[in-house]
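One-letter residues, chain by chain:
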Amino acid sequence: DTEVTQTPKHLVMGMTNKKSLKCEQHMGHRAMYWYKQKAKKPPELMFVYSYEKLSINESVPSRFSPECPNSSLLNLHLHALQPEDSALYLCASSQRTEVYTDTQYFGPGTRLTVL
Amino acid sequence: AQSVTQLGSHVSVSEGALVLLRCNYSSSVPPYLFWYVQYPNQGLQLLLKYTTGATLVKGINGFEAEFKKSETSFHLTKPSAHMSDAAEYFCAVSAGTGANNLFFGTGTRLTVIP
């Protein structure tokens, strides 16, 4: 099973709302990633978790707050977002971060619209 | 530093024709190269990857790519296009800098004409 699941599939929120995106994998992977993808652009790395610890934060605004409660789950908490944050948010996982040949498996994404 | 250049943001081919999507990379260390496909409103799916060894890599759905170090290229090909191949294709290089994160090219949208 090489599946990464993400919920919800679609999310519409106002600029004052607080919401969360959820990602789950049961492949025993110890590295998990959040990417942001704008239309017709490649994915941009936001955060990397390695063994449930945040290892990379690509200068993401604090209105995005990641959380890794256990090795299978990754959350992205959203608060006071801006309309320009509207995008497809992709979660991915790989066996480890330190092995460059490991494949990253991507989830289907959450399509976020901020009004 | 690592980077990827995909020539042609949009490629159109007729059904049954050869598919050729171009990717050139720049890397200060031996590169690990990947091709991903993204269908509309979906996540990315790995087509194939090159790590070491055989330079001709076969992937899913009849795609293959050849690693050419002298040309710093990793072009994706498929002998005969199918309508279901219409999608966005991303070439990526692994960072090799202590974190397994990918540097993506800007993508190539493949259109297949019936």
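Here, the structure is the one placed above.
Residues numbered from 1 in each chain as written. Chains lettered and ligands numbered in written order. Predicted model: local features only at pLDDT ≥ 70, side-chain atom pairs only at ≥ 80, totals over all residues. Heavy atoms only, no water.

1. Examining the overall build of chain A
Our working definition: Helix and strand labels come from DSSP, where a helix needs a run of H or I of at least four residues and a strand needs a run of E of at least two; each type is numbered from the N terminus. We take the radius of gyration over the C-alpha atoms and set the globule estimate at 2.2 Å times the residue count to the 0.38 power. Here the accessible surface of atoms and residues is derived via Shrake-Rupley with a 1.4 Å probe, and residues count as covered only by protein chains that are part of the display. Only four residue types enter the charge count, namely Lys and Arg as positive and Asp and Glu as negative; His and the chain termini do not. Where a charge sits is defined by one atom per residue type, namely NZ (Lys), CZ (Arg), CG (Asp) or CD (Glu).
Tallying secondary structure elements over chain A gives zero helices and eleven strands in all. Beginning at the N terminus, the succession of helices and strands in chain A can be written as β-β-β-β-β-β-β-β-β-β-β. In terms of overall dimensions, chain A is globule-like: its C-alpha atoms have a radius of gyration of 13 Å, near the 13 Å expected for 115 residues. Counting every atom, chain A has about 5,500 Å² of accessible surface; 49% of that belongs to carbon and sulfur. In chain A, which carries 13 positive and 11 negative side-chain charges, the distance between the mean positions of the two groups comes to 7 Å.

2. Describing the pairing of strand β5 (residues 33-38) of chain B
Residue and element names in this part refer to chain B. What counts, and what does not: Each residue's exposure class comes from its accessible area (1.4 Å probe, protein chains only) as a fraction of the maximum for that residue type: buried when under 20%, exposed when over 50%, partly exposed otherwise. Any two strands are treated as partners once DSSP identifies two or more bridges connecting them.
With six of its six residues buried, β5 lies for the most part within the structure. Across the two faces of β5 the burial is the same, with L33, W35 and V37 and F34, Y36 and Q38 all buried. Here β5 runs beside strand β6 (residues 44-50); their pairing, made up of six bridges, is antiparallel. From the neighbouring strand, W35 faces β6, where its bridge partner is L48.

3. What to know about the side chain of S50(A)
The following threshold applies: Here a residue-residue contact requires only that any non-hydrogen atoms of the pair lie within 4.5 Å.
Topologically, S50(A) is positioned in strand β5 (residues 44-50). With sequence-adjacent residues up to four places away left out, S50(A) is seen in contact with R30(A), S55(A) and T97(A).

4. Some thoughts on the state of the cysteines
Residues and elements named next belong to chain A. Selection criterion: We call a pair of cysteine sulfur atoms a disulfide when they lie within 2.5 Å.
On inspection of all chains with the given rule, the structure shows two disulfides over all chains. Paired through a disulfide, C23 and C91 show a sulfur-sulfur distance of 1.9 Å. Note on the C23 and C91 pair: the S-S dihedral is about -70°, so by sign convention the disulfide is left-handed. Of this pair, C23 sits in strand β3 (residues 18-25) while C91 is found in strand β9 (residues 87-94), placing the two residues 68 residues apart along the sequence. The class for C23 is buried, based on a relative accessible area of 0%. Judged by relative accessible area, which is 0%, C91 ranks as buried. The cysteine C68 is free of any disulfide, with C23 supplying the nearest cysteine sulfur at 9.2 Å.

On their own, these measurements won't tell you what the molecule is for.
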